[in-house]
Amino acid sequence: MTALYNGMTREALDASYNNSAAVLNSAVLMAEFDERSAKLRAAHPQYLDLRYGPAPRNRIDYFPAARPGPLMVFIHGGYWQTRAKENFSFLTAGPLAHGLHVALVGYTLAPEQSLDGIVGEIRAALGWLARQAPQWGTDPERMIVSGWSAGAHLAAMVLDEPGVCGGLAISGIYDLEPIRLSYLNDKLRLCPPDVQRLSPLHRPPSQRELILAYGAAELPELQRQSETFAAARAGLPGELLRLPDRNHFTILNDLASPEGILTQRACRLAGL
């Protein structure tokens, strides 16, 4: 078979980005995340499914902290084509414990929406939050954007939006070229100009602080994505954060825990 990317065939490239297959208990971990998320949503039901746009998934779950303060906007992963904000409510426990408000953003999935359109929806969500969230105690000039996997890509894409003061990108994709050449493009339908326009690696770098976190037990390609993007941002505010023993799923526990290192970094970005 012909090598398509960095000496990898299509089969090897597909395996290099298949996180669910690489983590043998990924389905069990996601089921646990769902259970923990349901409990948290039941405990904080006040501001769920707030509409920010016309599409069915243009909704936000907002979790207010006990006092006025900054806001973390979290964008879920799933390679832009699966999962939902409801799967990740459990992550809010860590930031909330430190007075950091949290908003989970939903968006239209591919192929119903293009990646261009998804980025536009995230920008619209940030604008809506800047206008509406102050009534619940958010400082609209102290928003940080965070995301996991595909959500980390989206967070990096919107780092320069008004009111955003920094970003925490977890286990992200920053160069879309291997995605275009893999099974993931069956629904995304990216072409070469899309890769240039929508890859954070190929865009003018943001001057705002960006922490790039990844797990040492992740797939090598996922690790390389963060390392390459961090190298491209050398000299700019931020940090490359390698978490020992964490895989693509267990790394999220470091944001869900009040003592987790990702929670600590989110609070630092927000000035807490």
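Remember, predicted model here, so these are calculated numbers, not experimental data.

Visitor: Got a minute to help me understand empty space enclosed by the protein in this structure?
Guide: The probe, sized like a water molecule, is rolled over the atoms to show the empty space still left. Scanning the entire structure with this criterion turns up 1 cavity of 30 Å³ or more. Its boundaries defined by the atoms lining it, the largest cavity holds a volume of some 30 Å³. Surrounding the largest cavity, Tyr174, Asp175, Leu201, Arg224, Gln225, Thr228 and Phe229 form its lining. Of the residues that constitute the lining of the largest cavity, the class distribution is 3 nonpolar, 2 polar and 2 charged.

Visitor: Even after reading the chapter, I still don't get the environment of leucine 272, so can you show me in this structure?
Guide: Positionally, leucine 272 belongs in the segment after α12 (261-269). Between the C-alpha atom of leucine 272 and that of proline 70, which follows or precedes it by 202 residues, the distance is 8.3 Å. Setting aside residues no more than four positions away along its own chain, leucine 272 makes contact with Pro70, His98, Gly99, Leu100, Arg142 and Cys267.

Visitor: What is the right way to read the packing of aromatic side chains from this model?
Guide: Aromatic ring pairs are reported here in terms of the distance separating the ring centres and the angle at which the planes meet. Scanning the model with the defined rule gives 10 aromatic pairs in all. Ring geometry for tyrosine 62 versus tryptophan 136: centroids 4.8 Å apart, planes at 45 degrees, classification tilted. Taken together, the residues span a long stretch of sequence, with tyrosine 62 in strand β2 (residues 59-63) and tryptophan 136 in the loop between α5 (115-132) and β5 (138-148) at a distance of 74 residues. Its relative accessible area of 1% is what places tyrosine 62 among the buried residues. You can call tryptophan 136 buried: its relative accessible area is 17%. Connected via pairs of aromatic rings, a cluster forms that spans Tyr47, Tyr62, Trp128 and Trp136.

Visitor: Before we go on, may I ask you to explain the state of the cysteines in this structure?
Guide: According to the stated counting rule, one finds 0 disulfides in the structure shown. Cysteine 165 takes part in no disulfide bond, and the closest cysteine sulfur to it belongs to cysteine 267, at a distance of 12 Å. A residue is classified by how much of its surface remains accessible, and cysteine 267, at 7% relative accessible area, is buried.

Visitor: Please clarify how α12 should be interpreted in this entry.
Guide: Because each turn of an α-helix spans 3.6 residues, side chains separated by three or four positions end up pointing in the same direction. Along α12, the residues that are buried comprise Leu262, Thr263, Arg265, Ala266, Cys267 and Leu269. Following α12 by one or two positions, glycine 271 has its phi on the positive side, about 80 degrees.

Visitor: Honestly, unusual backbone geometry in this entry has me stumped. Any pointers?
Guide: Trans is the common state for peptide bonds, and a negative phi is the common state for residues other than glycine. Backbone torsion omega between alanine 110 and proline 111 reads 5 degrees, so that peptide bond is classified as cis. Summarising the element assignment, proline 111 is placed in the loop between β4 (101-105) and α5. Positioned with a positive phi, arginine 83 is a non-glycine residue whose angle comes to about 70 degrees. Examined against the element boundaries, arginine 83 turns out to sit in the loop between β3 (69-75) and α4 (93-96). For aspartate 245, which is not glycine, the phi torsion reads 65 degrees and is therefore positive. For aspartate 245, the position within the fold is in the loop between β8 (238-243) and α11 (253-256). A residue is classified by how much of its surface remains accessible, and aspartate 245, at 68% relative accessible area, is exposed.

Visitor: I keep staring at the sheet that holds strand β7 (residues 209-215) and nothing clicks. Help me out?
Guide: Strand order in the open sheet formed by 8 strands is β1-β2-β4-β3-β5-β6-β7-β8, with mixed pairing between adjacent strands. If you trace the sheet from one side to the other, it starts and ends with β1 (50-51) and β8, each paired once. As paired elements, β5 and strand β6 (residues 164-170) share 6 bridges and run parallel to each other. Among the inter-strand pairings, glycine 147 is bridged to a residue of β6, identified as alanine 169. Packed on one face of the sheet, α5 meets β1, β2, β3, β4, β5 and β6 and runs near 150 degrees to β5. Contacts from helix α6 (residues 150-157) reach β3, β5 and β6, with the element oriented near 140 degrees to β5.

Conventions adopted
- The residue numbering used here restarts from 1 in each chain and proceeds along that chain's sequence as written.
- Owing to the predicted nature of the model, reporting of local features is limited to residues with pLDDT of at least 70; listing and counting of side-chain atom pairs is limited to 80 or more, with chain, interface and lining totals taken over all residues.
- Hydrogens and waters are ignored; side-chain quantities use all the structure's heavy atoms.
- Cavity: a set of points on a 1 Å grid over the protein atoms alone where a 1.4 Å probe fits but cannot get out. Pocket: an open set with protein on both sides within 12 Å along at least five of seven lines, its lining residues, like those of a cavity, having an atom within 4 Å of a point.
- Grid points are joined across faces, edges and corners, and a volume is the space filled by probe spheres set on the points.
- Each residue gets one of three labels, nonpolar for Ala, Val, Leu, Ile, Met, Phe, Trp, Tyr, Cys and Pro, charged for Asp, Glu, Lys and Arg, and polar for the others, Gly among them.
- Numbered from the N terminus, helices here are DSSP runs of H or I no shorter than four residues, and strands are runs of E no shorter than two.
- Residue contacts are counted whenever heavy atoms from the two residues lie within 4.5 Å of one another.
- Centres within 6.5 Å are what make two rings of Phe, Tyr or Trp a pair, Trp counting through its six-membered ring; a difference in plane orientation under 30 degrees is then read as stacked, over 60 as edge-to-face, and the rest as tilted.
- A simple rule labels every residue: compare its accessible area, found with a 1.4 Å probe on the protein chains alone, to the largest value its type can have, and call it buried under 20%, exposed over 50%, or partly exposed in between.
- Cysteine sulfurs are considered disulfide-paired once they come within 2.5 Å of each other.
- In this analysis, strands are considered paired if DSSP registers two or more bridges between them.
- Orientation is described by axes fitted as lines to C-alpha atoms, over the contacting stretch for helices, and by angles from 0 to 180 degrees between their N-to-C directions.

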